[in-house]
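A look at the structure
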Amino acid sequence: MNSLPATSRMQKISVLLFLAWVGFLFYAGIALFTSGFLLTRLELTNHSSCQELPGPESQPWGSQGKPGACWMASRFSRVVLVLIDALRFDFAQPQPSHGPGEPPVSLPFLGKLNSLQRILEIQPHHAKLYQSKADPPTTTMQRLKALTTGSLPTFIDAGSNFASHAIVEDNLIKQLTSAGRRVVFMGDDTWKDLFPGAFSQAFFFPSFNVRDLHTVDNGILEHLYPTMDSGEWDMLIAHFLGVDHCGHKYGPHHPEMAKKLSQMDQVIQGLVERLENDTLLVVIGDHGMTVTGDHGGDSELEISAALFLYSPKALFPGAPPEVSRFLHTYSAAAQDLQVKELHRLQNLFSKASADYQRLLQSPQGAEAALQTVITELQQFLRGVRAMCIQSWARFSLGRMAGGAALMAAACFLCLLVSQWLISPGFCFRPLLLTPMACGLAGTIVCAGLLTTTGLKLDPVVLGAMAAVGSLLPFLWKAWAGWGSKRPLVTLLPIPGPVLLFLLIRFAAFFSDSFVVAEARATPFLLGSLILLLVAQLHWEGKLLPSKLLTIPRLCFSASTGPPQRNGTHALGLGVGLLLCIRLAGLFHRCPEETPACHSSPWLSPLASMVGGRAKNLWYGACVGALVVLLAAVRLWLRRYSNLKSPEPSVLFVRWGLPLMVLGTAAYWALASGADEAPPRLRALVAGASVVLPRAVAGLAASGLVLLLWRPVTVIVKATTGAPRPRTVLTPFSGPPTSQADLDYVVPQIYRHMQEEFRGRLERTKSQGPLTVAAYQLGSVYSAAMVTALTLLAFPLLLLHAERISLVFLLLFLQSFLLLHLLAAGIPITTPGPFTVPWQAVSAWALMATQTFYSMGHQPVFPAIHWHAAFVGFPEGHGSSTWLPALLVGANTFASHLLFAVGCPLLLLWPFLCESQGPRKRWQPLGNEAEARVRPEVEEEPLMEMRLREAPHHFNAALLQLGLKYLFVLGIQILACALAASILRRHLMVWKVFAPKFIFEALGFIVSSVGLFLGIALVMRVDGAVSSWFRQLVLAQQR
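Below: a short report on this structure. (Residues numbered from 1 in each chain as written. Predicted model: local features only at pLDDT ≥ 70, side-chain atom pairs only at ≥ 80, totals over all residues. Heavy atoms only, no water.)

**As for unusual backbone geometry**
Of note in the backbone geometry, A86 takes a positive phi value of approximately 65° without being a glycine. By the element assignment, A86 lies in the loop between β1 (78-84) and α2 (89-92). (Helix = DSSP H or I, 4+ residues; strand = E, 2+ residues; numbered from the N terminus.)

**Considering the nonpolar core**
Judged by nonpolar contacts, the single largest core of 187 residues is most densely connected at V22, F37, L413, L906, L963, Y965 and F967. The biggest single contributor to this core is helix α33 (residues 951-982), with 20 residues. Once you skip the residues sitting within four places of it in the chain, L906 turns out to touch L819, L822, I826, V836, A840, V841, W844 and L961. Ranked by size, the runner-up nonpolar core spans 46 residues in total, among them F203, W233, Y250 and V272. (Core = buried A, V, L, I, M, F, W, Y, C linked by side-chain atoms within 4.5 Å. Buried < 20%, exposed > 50% of the residue type's maximum accessible area, 1.4 Å probe, protein only. Contact = heavy atoms within 4.5 Å.)

**Topic: a nonpolar patch on the surface**
On the surface, L1002, I1005, V1009 and L1013 cluster together into a nonpolar patch covering about 310 Å² of accessible area. Tracing the chain through its elements places V1009 in helix α34 (residues 989-1037). (Patch = residues over 30% accessible without salt bridge, like charges linked within 9 Å, V, L, I, M, F, W, Y side chains within 5 Å. Areas by Shrake-Rupley, 256 points an atom, 1.4 Å probe, with all protein chains shown as cover. Salt bridge = Lys/Arg side-chain N within 4 Å of Asp/Glu carboxyl O.)

**Observations concerning the pattern of salt bridges**
Scanning the entire structure with this criterion turns up 12 salt bridges. Two residues, D294 and R589, come together in a salt bridge whose shortest N-O distance is 2.1 Å. Highlighted residues: D294 in the loop between β6 (279-284) and α10 (300-303) and R589 in the loop between α20 (563-584) and α21 (612-639), separated in sequence by 295 residues. Residue classification places D294 among the buried positions, given a relative accessible area of 8%. Measuring nitrogen to oxygen at the nearest pair gives 2.6 Å for the salt bridge that ties K996 to E518. One end of the pair, K996, is in helix α34; the other, E518, is in helix α19 (residues 518-540), and 478 residues separate them in sequence. With respect to class, K996 is no different from E518; both count as buried. Taken together, the shared-partner salt bridges connect R505, E518, K996 and E1000 into one network.

**Remarks on the sheet that holds β6**
Taking strand neighbours across the sheet as the criterion, the 7 strands line up as β2-β7-β6-β1-β5-β3-β4 in an open arrangement whose pairing is mixed. Taken across any chain shown, the strands that pair with only one partner, and hence form the sheet edges, are β2 (127-133) and β4 (201-205). Averaged over all pairs of adjacent strands, the angle between strand axes in this sheet comes to 10°, irrespective of strand direction. Lying over the sheet, helix α7 (residues 215-230) contacts β1, β3 (183-188), β4 and β5 (235-240), oriented at roughly 160° with respect to β5. (Pairing = 2+ DSSP bridges. Axes fitted to C-alpha atoms, helices over the stretch in contact; angles between N-to-C directions.)

**Quick look at the state of the cysteines**
All told, the structure shown has 1 disulfide when counted by the stated rule. Put simply, C590 and C597 are joined by a disulfide, and their sulfur atoms are 1.8 Å apart. Judged by the torsion about the S-S bond (-50°), the C590/C597 disulfide is left-handed. (Disulfide = S-S within 2.5 Å.)

**What about the environment of E256?**
Here E256 lies in helix α9 (residues 255-274). Note: C-alpha distance between E256 and P108 (148 residues apart in sequence) is 8.3 Å. Apart from residues lying up to four places away in sequence, E256 is in contact with L213, C246 and Y250.

**Looking at helix α17 (residues 496-508)**
Its 13 residues place the ends of α17 18 Å apart at the C-alpha level, agreeing with the 18 Å of an ideal helix rising 1.5 Å per residue. Those residues of α17 that sit buried are V498, F501, L502, R505 and A508. Angularly, the buried residues of α17 cover 130° about the axis, an arc narrow enough to put them on a single face. Seen from the open side of α17, the exposed residues pointing more than 90 degrees away from its buried face are L500 and L503. (Expected span 1.5 Å × (residues − 1). Arc of directions from axis to C-beta.)

**A closer look at the pairing of β3**
Of all 6 residues in β3, 6 are buried, a share of seventy percent or more. Bridge analysis of β3 against β5 gives 5 bridges, and the strand direction is parallel. In the strand pairing of β5, F185 is matched with I237. As defined by bridge partners, β3 adjoins β4 across 5 bridges and the pair is classed as parallel. When the sheet's bridge partners are listed, V184 is paired in β4 with Q201.

**Digging into the environment of K964**
By the element assignment, K964 lies in helix α33. Assessed through its relative accessible area of 5%, K964 is described here as buried. Expressed as a C-alpha distance, the spacing of K964 and S842, which sit 122 residues apart in the sequence, is 8.7 Å. In contact with K964, not counting residues within four places along its chain, are S418, T835, V836, P837, W838 and V841.

**Focus: the packing of aromatic side chains**
Per the stated rule, a full pass over the model turns up 26 aromatic pairs. Here W602 and W618 contribute two aromatic rings whose centre-to-centre distance is 5.5 Å and whose plane-to-plane angle is 55°, an arrangement assigned as tilted. Residue W602 is found in the loop between α20 and α21, and its partner W618 is found in helix α21; the two are separated by 16 residues along the sequence. Both rings, one in F852 and one in Y853, keep their centres 5.2 Å apart while their planes meet at 80°; by these two values the pair is edge-to-face. There is no split in this pair, since F852 and Y853 are both buried. Chaining the aromatic ring pairs together yields one cluster made of F185, W191, F195, F199 and F204. The positively charged end of K313 is found above the aromatic ring belonging to F76, 5.2 Å away from the centroid. Here R803 stacks its cationic end above the ring of W618, 5.0 Å away from the centre of that ring. (Phe/Tyr/Trp six-rings, centres within 6.5 Å; stacked < 30°, edge-to-face > 60°. Lys NZ or Arg CZ within 6 Å of the ring centre and 35° of its normal.)

Listed below in structure tokens is the structure:
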């Protein structure tokens, strides 16, 4: 009796472990490819000193030995470095005065730094304004490293913006402190991690809250002028963040940007008035910003920054920096620079040095000779930069090929096993034993070889070896035992149109134009696939709005509607889907490569709106979307009677979800009007901005815990006597004797219970035995899934701008329409095997991508919604980095998570769409006389309970659905990896292909985890249903 239930549990465990193993194969391939594609350069720990001359000793480095001098004579004793984060060059560029009759320029950021223009006009020999070109990635931490070390940032370092690490290379701060100079810092706390303990005095302020425009700047102003007046400093660094945060929150074209730049102008004017003759003022921007206020990429607006120099005494002409010794040291340590180009550059530098020495010895014709030296040194510096960029982008082709091959093998595994699952002789046991045993053996062997040879244990290589060691034996066994016995065409069960769609999508990732325009191409592909589905349903005659099966042994009568109604039903679903896709396309963010495109203004938060009336109208629309979403979910649950259950999870849906809607609406009201709140209420508003998002997230977590604890949402009633119509009665008088009996209990409750208990009641007294009635078991799986998705959606919605609530509403509506359209063409095979067509899986995965773009995302770093890290944490996270990364990741990949968790609905929905009304069934009687007097009995449709008729096929169908979904996602990540590797020398590799690969890889990880959780939830509900019926039968026996 206990062995078969254990077998059923073992099947569920095997399914989950096999999905986890397939995910591990993809993860290992992604990690191996990434380790060969995104390389970091070698960081030298050498430090320069005054005793080591930067050039030939014969040159006049005559300032040695002078007090405070090193290599060359110092022109200034002190430096004030004002770093205005995201100070774009046109913010500081002088504006020509407009003539009479000409309208003034209305851009808010132009002409606000008037003090710079005035100084440049009055003291042209004391001030210089340059346009600085920042090397990408244009994130703050990478730019600080480049500015203080003079080196180039690497692409992979962009992810370190969450967690800065101390600089080990030779840098400006290290040299100043080594020389005994007093360096005082105030501003962005990123410097604290980059230069720990390096400052004689420091005032750090939290920097990552992009919604806060004033805390850092006001903190600096509190200490800036008193520190200058004290004179206890040699270098004063002030890193202002208000301009950068204003760009993130409002954009450069908002009036708040004009206020911030005007404040910075007053700061510069105050510093100029306090400068002494031996002090140099440097005002610099670390990078620029896009038209939307973001940065991180390499567009012209992002790399364009301002550099302003001023001193009360005349400035000296700048000399190019010395990099020859660094080049020599790096080439000896790393040995990855091109030898031929290295020799050419060394010869060029030697020639420039010789020309400079001759110029000093014979000053005749100095002007022309000096220009020649300058040109040679500029060629040298540009050549060194180009060579280093090319060298530091060198790839490990072996790792890249191995990672791509592992991902391709994992895709083939998904395709092979998904077809194997519907074969008659399929067994779950090899799914669990073979990969685990082979993977463990491969890991032990690899670790032993690396240990004995003394090589370093690389976790990426070790994981890849474990993946290969578990994959190859499984593929060989599967092919030998099943695949070789069938023709090759059966191993490729994907229908022709879907296969063509996948091939088109696979090939499109090799085009940078498609990747840039994917936000516009995806709705077109999705709409084309929907039209194909409607046409295919029409051709195959499967346009059935209700699933009514004819099962002869139970004497069911099948009925179908008129063909016109069927066609209208499917056509209405298709038109509704196309309309939703078109509406979702209104929420779009334009990539920076398409300047003619204009991003949707609806993606910005309500706080960025200027007009109060328009803001109120939009707030009402956003709250209305929340109410409609809540009402739709409650109406759906009420339709299937799951909302009447007394279970804790249903009670939470009744009362907890309205509280979540109320908390979300209240938080939006505070966030959109926080700047307009009266001063006496700002503390209350700030506290509520912390409490409300956390309360909503806490309610969602509580609801999910209750759902996992009691997932069966049915109504149970105990009655005496004959049961009323539309009830479900247990047919057994004692405990089941086998697992087959237990699995058969559930469908028999729907089919034969009235007949069994009617005969039993006729043989008992008038006071009949106690019977048990249970209602609406036919939607128990879908009810749990819909509830879980709703609970997940609300905290994810909080991480987005308010108007994205309309996109979330469209997401649920699109999913509902697509599920109904797909259910119309998925046949219900009783008792199995159950399968989900490839068309359904492909459309579901494509809809996840379409929703990703409709939520205002793009697969580039400047488009990341950093503000999500501060929802519920307006003061920042302290030293924690995993929590802000988790919040930003949840914001970015919300659509991937929701569609992956809801993927099992593709299997459940066709059964749910079975006719909802009671069906009449004639009781099989012994003679015609009894038949004339015996009434017909109304019976509930089985719906999702049909899946329990064959638990083996149910578990196999869940595994097959998961593998199909992973295959579609795996094809996408494989295409991105191949495109990035093949086009690694393409002009757009770091701008388009590399970010796309990173986003697809992270999206695949999120989707695979969500898929695992969704299938695990269905299995949890299935186990709870079995337990529930077992307890019900035993309780009735007692």
